[in-house]
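Read off the chains here:
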Amino acid sequence: MSRPLVARKPRASSQSRIAGILAAARELLAEQGVASLSIYSVAERAQIPPSSVYHFFASVPALLEALTADIHAAFCACLQEPIEHDSLRDWRDLSRLVEQRMLDIYAADAAARQLILAQHGLAEVTQADRQHDIELGQAMQVLFDRHFPLPQLPEDVDVFALAMELGDRVYARSVQLHGEITPRMAEEGMRVFDAYLSLYLPPHLPKRAL
């Protein structure tokens, strides 16, 4: 009787090579933007042959999709960081805390700004970003419900994911105009995020007893 096939994790050497490729791509994105990125420029920056990059990533969009997943993993991780429940007066305090954590990621990661907020026209990357936003929105809804009992939300609209996308449009405008998210536009993005959520969340939600 044949044994079932088991998916193997990449070897340590392969994981190290992938990490090096992604780090090189991240540096080039921060310096030159998406338009100048190529398999050959990444290979040169990583100091490996182009064939080694092609071995793991068949194209630039495939490489950027992997980097998009890496960036969204950082966003997901920030939702897992401890939150002092007693310091929350209402759901807007939690909203501001979460948005500020994401703004901190954008501020520290120029590649994230280029990939998520800049206009690059890569449909594969945009689609991957939207799928990650849905997953991130679901995680955010779970987080909010952990601290405040949420009302019944529509099933045909991803409320938290859409709120994030609307806020990101403001941040993207700031990046387009200034190359960064300015404090003024950061505040506007958070106001947009709160304004959309307030269409579904009442002004005063009771805090859960944790």
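Computed from a predicted structure; not experimentally measured. (Residues numbered from 1 in each chain as written. Predicted model: local features only at pLDDT ≥ 70, side-chain atom pairs only at ≥ 80, totals over all residues. Heavy atoms only, no water.)

Along the protein chain, the regular secondary structure elements total 9 helices and 0 strands. Beginning at the N terminus, the succession of helices and strands in the protein chain can be written as α-α-α-α-α-α-α-α-α. Considering only intrachain contacts with a sequence separation of at least 6, the fraction spanning at least 24 residues in the protein chain is 72%. When the accessible surface of the protein chain is split by element, carbon and sulfur atoms take 51% of a total near 12000 Å². (Helix = DSSP H or I, 4+ residues; strand = E, 2+ residues; numbered from the N terminus. Contact = heavy atoms within 4.5 Å. Areas by Shrake-Rupley, 256 points an atom, 1.4 Å probe, with all protein chains shown as cover.)

Packing of helix H7 (residues 123–147) against helix H8 (residues 159–178) leaves a shortest axis separation of 7 Å and a crossing angle of 115°. Of the two elements, H7 crosses H8, and the hand of that crossing is right-handed. Taking contact as the criterion, the partners of Arg130, Asp133, Ile134, Leu136, Gly137, Met140, Gln141 and Phe144 in H7 are, on H8, Phe160, Ala161, Met164 and Glu165. Its residues assigned to classes, the contact of H7 with H8 shows 7 nonpolar, 2 polar and 3 charged. (Axes fitted to C-alpha atoms, helices over the stretch in contact; angles between N-to-C directions. Left-handed = near helix turned anticlockwise from the far one by under 90°. Nonpolar A, V, L, I, M, F, W, Y, C, P; charged D, E, K, R; others polar.)

Before going further, it helps to spend a moment on the nonpolar core. Nonpolar side chains tend to gather and get buried jointly when the protein is soluble and globular. Formed by 59 residues in total, the largest nonpolar core has its most connected members in Met102, Met140 and Leu197. Contributing elements (two or more residues each) for this core: helix H1 (12–32), helix H2 (39–46), helix H4 (60–80), helix H5 (91–108), helix H6 (110–117), H7, H8 and helix H9 (183–197). Sorting elements by how many residues they give to this core places H4 first, with 8 residues. Composition of this core by domain shows at least three residues from each of domain 1 (12–58) and domain 2 (61–199). The residues touching Met102, leaving out its near neighbours within four places in the chain, are Phe75, Cys78, Leu79, Leu136, Met140 and Met164. (Core = buried A, V, L, I, M, F, W, Y, C linked by side-chain atoms within 4.5 Å. Buried < 20%, exposed > 50% of the residue type's maximum accessible area, 1.4 Å probe, protein only. Domains from an automatic or database assignment.)

The next subject is the UniProt feature "DNA-binding region" (unreviewed entry) in the protein chain. In the numbering adopted here, UniProt assigns the feature "DNA-binding region" (unreviewed entry) to residues 38–57. End C-alpha to end C-alpha, residues 38–57 measures 11 Å, and it is 75% helix and 0% strand. (UniProt positions renumbered as here; feature names shortened; annotations may be inferred.)

A few words now on empty space enclosed by the protein. Scanning all chains against the criterion turns up 1 cavity of 30 Å³ or more. There is about 80 Å³ of room inside the largest cavity. Taken together, His72, Phe75, Glu99, Met102, Tyr106, Ile116, Asp133, Leu136, Met164, Asp168 and Tyr171 make up the lining of the largest cavity. Secondary structure elements with two or more residues in the lining of the largest cavity: H4, H5, H7 and H8. Within the lining of the largest cavity, the residues separate by chemical class into 7 nonpolar, 1 polar and 3 charged. (1 Å grid on protein atoms, 1.4 Å probe; cavity = no way out; pocket = protein on both sides within 12 Å on 5 of 7 lines; lining within 4 Å. Points joined across faces, edges and corners; volume = space filled by probe spheres on them.)

Moving on to the packing of H4 against H7. The N-to-C vectors of H4 and H7 enclose an angle of 15°; their axes lie 9 Å apart at closest approach. Taken together, the axis directions place H4 and H7 in an arrangement best described as roughly parallel. H4 and H7 meet at a crossing whose hand is right-handed. Only Glu124, Val125, Ala128, Asp129, His132, Asp133, Leu136, Ala139, Met140 and Leu143 of H7 make contact with H4, whose side of the interface consists of Pro61, Leu64, Glu65, Thr68, Ala69, His72, Phe75, Cys76 and Leu79. Its residues placed into classes, the contact of H4 with H7 shows 12 nonpolar, 3 polar and 4 charged. (Parallel < 35°, antiparallel > 145°, perpendicular 65-115°, else oblique.)

Let us now look at the domain arrangement of the protein chain. For the protein chain, the assigned domains are domain 1 (12–58) and domain 2 (61–199). A C-alpha centroid distance of 26 Å is found between domain 1 and domain 2. Every contact between the two is made by 12 residues of domain 1 and, on the other side, 14 residues of domain 2. For the pair domain 1 and domain 2, the summed buried area comes to about 1100 Å², and 80% of that belongs to carbon and sulfur atoms. By the criterion of area lost to domain 2, the three top residues of domain 1 are Arg26, Leu29 and Val34, representing 50% of everything that side buries. (Buried area = accessible area lost by both parts, 1.4 Å probe.)

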